[in-house]
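# Structural features, examined
Next come the chains, spelled out residue by residue.
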Amino acid sequence: GENVEQHPSTLSVQEGDSAVIKCTYSDSASNYFPWYKQELGKRPQLIIDIRSNVGEKKDQRIAVTLNKTAKHFSLHITETQPEDSAVYFCAASRTGGTSYGKLTFGQGTILTVHP
Amino acid sequence: DTGVSQDPRHKITKRGQNVTFRCDPISEHNRLYWYRQTLGQGPEFLTYFQNEAQLEKSRLLSDRFSAERPKGSFSTLEIQRTEQGDSAMYLCASNRGEKLFFGSGTQLSVL
């Protein structure tokens, strides 16, 4: 089955700095890669996703890059703000058939943005 | 709130008791998923429904666990003879396309 490794496990930055979280996956058939943000005691919220036919996707201060050959993808947050502080999870799945929504998650990164 | 809703939010039970959780997905979503999340880990897939059909179950789902989605709308997850190792957050999620939307979860504590 799929295995997703996520690094670092904790990340501390100053407000205004950039933050980068990296993930690798094992299943070359995986083609959908979402990122979730989870604040303490709250539901995981989808913040950005990318499909394997796209190398990069950006949404305001958040961007995701994908390298299919190396089987890794990264989340980039620019101009970080204290409200970005949360746990971030990467995930991977094969879409299509019965695999929709069967995500394999990384272990999570605790991001702390200091004012 | 038109998102995925779960009930109860918290459940404390004694070892050996049975518990049941409910999930109401987003109304137009035909797929529903159950995940389990323990502290410091990412969610782990348990099982998946398309409409009322349970199409896949993880090997994490022991015989003590059963899930239903009788009319293709809400779903229930029952754990029989709970064990301390069952303590976790049980998350429900739903989708129609690729994007998966989670509920706030049921936090289960088995004493």
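These remarks concern the structure in this document. Within every chain, residues take consecutive numbers counted from 1 along the sequence as written. To read the labels, note that chains go from A and ligands from 1, taken in the order they are written. Where totals are concerned, whole chains, interfaces and linings use all residues; where local detail is concerned, this predicted model gives features only for residues with pLDDT of at least 70, and gives and counts side-chain atom pairs only at 80 or more. Hydrogen atoms and water are omitted, and side-chain values are computed over all heavy atoms in the structure.

Further remarks concern the sheet that holds strand E1 (residues 5-7) of chain B. Residue and element names in this part refer to chain B. Taken in spatial order, the 4 strands line up as E1-E3-E8-E7 in an open sheet, and their pairing is antiparallel. Edge positions in the open sheet fall to E1 and strand E7 (65-68), since each of these has one partner strand only. The mean inter-strand angle of the sheet, taken between neighbouring strand axes irrespective of direction, is 15 degrees. The pairing of strand E3 (residues 19-24) with strand E8 (residues 75-79) spans 5 bridges and is classified as antiparallel. Only strands that DSSP links by at least two bridges are regarded as paired with each other. For helices the rule is a DSSP run of H or I covering at least 4 residues; for strands it is a run of E covering at least 2, with both sets numbered from the N terminus onward. Note on method: axes are straight lines fitted to C-alpha atoms, helices fitted across the in-contact stretch only, with angles between N-to-C directions ranging 0 to 180 degrees.

Further remarks concern the nonpolar core. Judged by nonpolar contacts, the single largest core of 23 residues is most densely connected at Trp35, Phe73, Leu75 and Leu111 of chain A. Contributions of two or more residues to this core are made by strand E2 (10-14), strand E3 (19-25), strand E4 (32-38), strand E5 (45-51), strand E7 (62-67), strand E8 (72-77), strand E9 (86-92) and strand E11 (109-114) of chain A. It only takes one pair of heavy atoms within 4.5 Å for two residues to be counted as in contact. For Leu111 of chain A, the residues in contact, after removing those within four places along its chain, are Leu11, Val13, Ala19, Ile77, Asp84, Ser85, Ala86 and Tyr88 of chain A. In terms of nonpolar packing, the next biggest core, distinct from the first, is built from 19 residues, Ile26, Ile79, Tyr90 and Leu108 of chain B among them. The criterion is simple. A nonpolar core is a set of buried Ala, Val, Leu, Ile, Met, Phe, Trp, Tyr and Cys residues joined through side-chain atoms within 4.5 Å. Working definition: with a 1.4 Å probe on protein chains only, accessible area under 20% of the residue-type maximum means buried, over 50% means exposed, and in between means partly exposed.

Looking now at the environment of Pro82 of chain A. Residue and element names in this part refer to chain A. Mapped onto the elements, Pro82 comes out in the loop between E8 and E9. In this structure the C-alpha to C-alpha distance between Pro82 and Leu111, which are 29 residues apart in sequence, comes to 9.7 Å. With near-sequence residues (within four places) excluded, Pro82 lies in contact with Glu15, Val113 and Pro115.

Next up on the list: the sheet that holds strand E6 (residues 56-59) of chain A. Residues and elements named next belong to chain A. Taken in spatial order, the 5 strands line up as E1-E3-E8-E7-E6 in an open sheet, and their pairing is antiparallel. Each of the sheet's edge strands pairs with one partner strand only, and the pair in question is strand E1 (4-7) and E6. The sheet shows a mean angle of 15 degrees between the axes of neighbouring strands, direction not considered. Bridging between E7 and E8 involves 6 bridges; their strand directions are antiparallel. By the bridge assignment, Ile62 is partnered in E8 with Ile77.

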